[in-house]
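What follows is the residue order along each chain.
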Amino acid sequence: QEVVGSEYSGKGQAWGYVGGLAALTLSLLIAVAMISAGASTWWALGVGAALSGVWWLVFGIVSFRRLPPRPGPPPPEEYRGARLLLMGWIRTATLLKKVWRKSRPTAHFLALYFVFSDGYSTIATVAILFASRELCMSVVELATLAVIVPLCAAAGGYLWMRFKARAKWSNKAVLVLNLFLLSWLPLWGCVGFFSDDFGLRTKSELYVLAVWFGAMLGSAQAYGRALFSELIPVGHEADMFALFEITDKGSSWLGPLVASLVLQYTGKVRPVLIYLLVAMVIPAGLLHRLDLRESIKAARHPKAGEGVMEGDDDDDDD
């Protein structure tokens, strides 16, 4: 199960970056053509952004039409009518409570994922601010960085998948290594506090770190998802992945909030790197120490999903 899950997650993440890179390249070509024809830079970039939305819509429709329907039981009686719209939220809240009570290591993993997923997402956001404000990079140079990252993420995801197969490492081990390697980016930027010559002081450094970031990002996302899939009780895949995505996107405000506060009070982007370093290193260290073996073993049991979504009546028996 671990091998299949990591392979599907890795390949899916890689192809996702290939598709994103194709959309980005097409948008950039159209934007450059419009600028060359005399259109304003911001108008051309707006058209490119709109094209990415069209890309998403078109391929989303194609995907949903080609996906086979998955039969399932009808909604419970208590979720009939307008209450059906609240079914997902209610089940997710119930599941979160159950996970905390019955599988504490899984809850700890979700808490760590909440932090480190925000960490590597904020690295991308801060990199753009850093490049434009600290290094004064042009729009073309920023666009080049935007192409390098997904290209290296797709290649890196494939190479890490090959490495995992050869080294026979677990999903957790690869994820921890990816997080520690990602932490080198803010660590190198912190060197700039003590040097005027290096430590994210030149554009060439940022290009090199964009390659490094992309090579680690795709793998970290893929193996984070693959590791979580090992913790899912049988029959609750949709519920658990809904909780996983809420944990992922639910932290997207944290890093930008810290960055904006630091930028407001200091006028500089570099101090944000200290937060990013902490957000990567501490979760990676705690994840390394977190023992998930019993939770993974319990999730694989044929009756692992029984009683997970029932009410609290059974809690007194725990």
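Here, every reference points to the structure presented above.
Residues numbered from 1 in each chain as written. Predicted model: local features only at pLDDT ≥ 70, side-chain atom pairs only at ≥ 80, totals over all residues. Heavy atoms only, no water.

1. Description of the overall build of the protein
In step 1: Of regular secondary structure, the protein possesses 12 helices and zero strands.
In step 2: Reading the helices (α) and strands (β) of the protein from amino to carboxyl end gives α-α-α-α-α-α-α-α-α-α-α-α.
In step 3: In summary, the protein has a C-alpha radius of gyration of 22 Å against a globular reference of 20 Å for 318 residues, a match within 12%.
In step 4: Projected onto its principal axes, the C-alpha coordinates of the protein cover approximately 65 × 45 × 45 Å.
In step 5: By the burial criterion, 40% of the 318 residues in the protein qualify as buried.
In step 6: Taken as a whole, the protein presents about 18000 Å² of accessible surface, with 68% of it coming from carbon and sulfur.
In step 7: Across the protein, 29 positive and 26 negative side-chain charges occur, with their mean positions spaced 6 Å apart. (Helix = DSSP H or I, 4+ residues; strand = E, 2+ residues; numbered from the N terminus. Rg over C-alpha atoms; globule rule 2.2 N^0.38 Å. Buried < 20%, exposed > 50% of the residue type's maximum accessible area, 1.4 Å probe, protein only. Areas by Shrake-Rupley, 256 points an atom, 1.4 Å probe, with all protein chains shown as cover. Lys, Arg positive; Asp, Glu negative; His and termini not counted. Charge placed at Lys NZ, Arg CZ, Asp CG, Glu CD.)

2. Observations concerning the nonpolar core
In step 1: Core analysis: the largest hydrophobic core is formed by 64 residues, its most contacted members being Phe-109, Phe-116, Tyr-120, Leu-175, Leu-179, Phe-213 and Leu-287.
In step 2: In this view, Phe-213 contacts Tyr-120, Ile-123, Ala-124, Val-149, Leu-182 and Leu-185; residues no more than four positions away in its chain are not counted. (Core = buried A, V, L, I, M, F, W, Y, C linked by side-chain atoms within 4.5 Å. Contact = heavy atoms within 4.5 Å.)

3. A word on the packing of helix α7 (residues 184–191) against helix α11 (residues 272–289)
In step 1: Contact geometry of α7 with α11 gives a least axis separation of 8 Å together with a crossing angle of 145°. Considering the relative orientation of α7 and α11, their crossing is left-handed. Note on element contacts: α11 touches α7 through Leu-273, Ile-274, Leu-276 and Leu-277, opposite Pro-186, Leu-187, Gly-189 and Cys-190.
In step 2: Tallied by class, the residues present in the contact of α7 with α11 amount to seven nonpolar, one polar and no charged. (Axes fitted to C-alpha atoms, helices over the stretch in contact; angles between N-to-C directions. Left-handed = near helix turned anticlockwise from the far one by under 90°. Nonpolar A, V, L, I, M, F, W, Y, C, P; charged D, E, K, R; others polar.)

4. Quick word on helix α4 (residues 104–134)
In step 1: With 31 residues, α4 extends 43 Å between its outermost C-alpha atoms, agreeing within 8% with the 45 Å of an ideal straight helix rising 1.5 Å per residue.
In step 2: Phi for Cys-136, located one or two positions after α4, is positive at around 55°. (Expected span 1.5 Å × (residues − 1).)

5. What to know about the packing of aromatic side chains
In step 1: Under the criterion given, the structure shown has nine aromatic pairs.
In step 2: With a centroid separation of 5.8 Å and an interplanar angle of 20°, the aromatic rings of Trp-188 and Phe-198 are classed as stacked. Of this pair, Trp-188 sits in helix α7 while Phe-198 sits in the loop between α7 and α8 (203–229), and the two are 10 residues apart along the sequence.
In step 3: The cationic tip of Arg-104 hangs over the ring face of Trp-100; the distance from NZ or CZ to the ring centre is 3.9 Å. (Phe/Tyr/Trp six-rings, centres within 6.5 Å; stacked < 30°, edge-to-face > 60°. Lys NZ or Arg CZ within 6 Å of the ring centre and 35° of its normal.)

6. Re unusual backbone geometry
In step 1: Phi is positive for Cys-136, which is not a glycine, with a value near 55°.
In step 2: In this structure Cys-136 comes out as exposed when scored by relative accessible area, which is 57%.

7. As for the pattern of salt bridges
In step 1: The full count for this structure, using the stated rule, is three salt bridges.
In step 2: A salt bridge links Asp-196 to Arg-201; the nearest nitrogen and oxygen atoms lie 4.0 Å apart.
In step 3: Its relative accessible area of 68% is what places Asp-196 among the exposed residues.
In step 4: Residue Asp-291 pairs with Arg-293 through a salt bridge whose shortest N-O separation is 3.0 Å.
In step 5: On the basis of relative accessibility, which here comes to 65%, the residue Arg-293 falls in the exposed class. (Salt bridge = Lys/Arg side-chain N within 4 Å of Asp/Glu carboxyl O.)

8. Overview of the packing of helix α6 (residues 171–182) against α7
In step 1: Axis separation between α6 and α7 bottoms out at 5 Å; the angle between their running directions is 20°. If you check the angle between α6 and α7, you find them roughly parallel. Packed against α6, whose contacting residues are Phe-180, Leu-181 and Leu-182, the element α7 presents Trp-184, Leu-185 and Pro-186 at the interface.
In step 2: Partitioned by chemical class, the residues of the contact of α6 with α7 number six nonpolar, no polar and no charged. (Parallel < 35°, antiparallel > 145°, perpendicular 65-115°, else oblique.)

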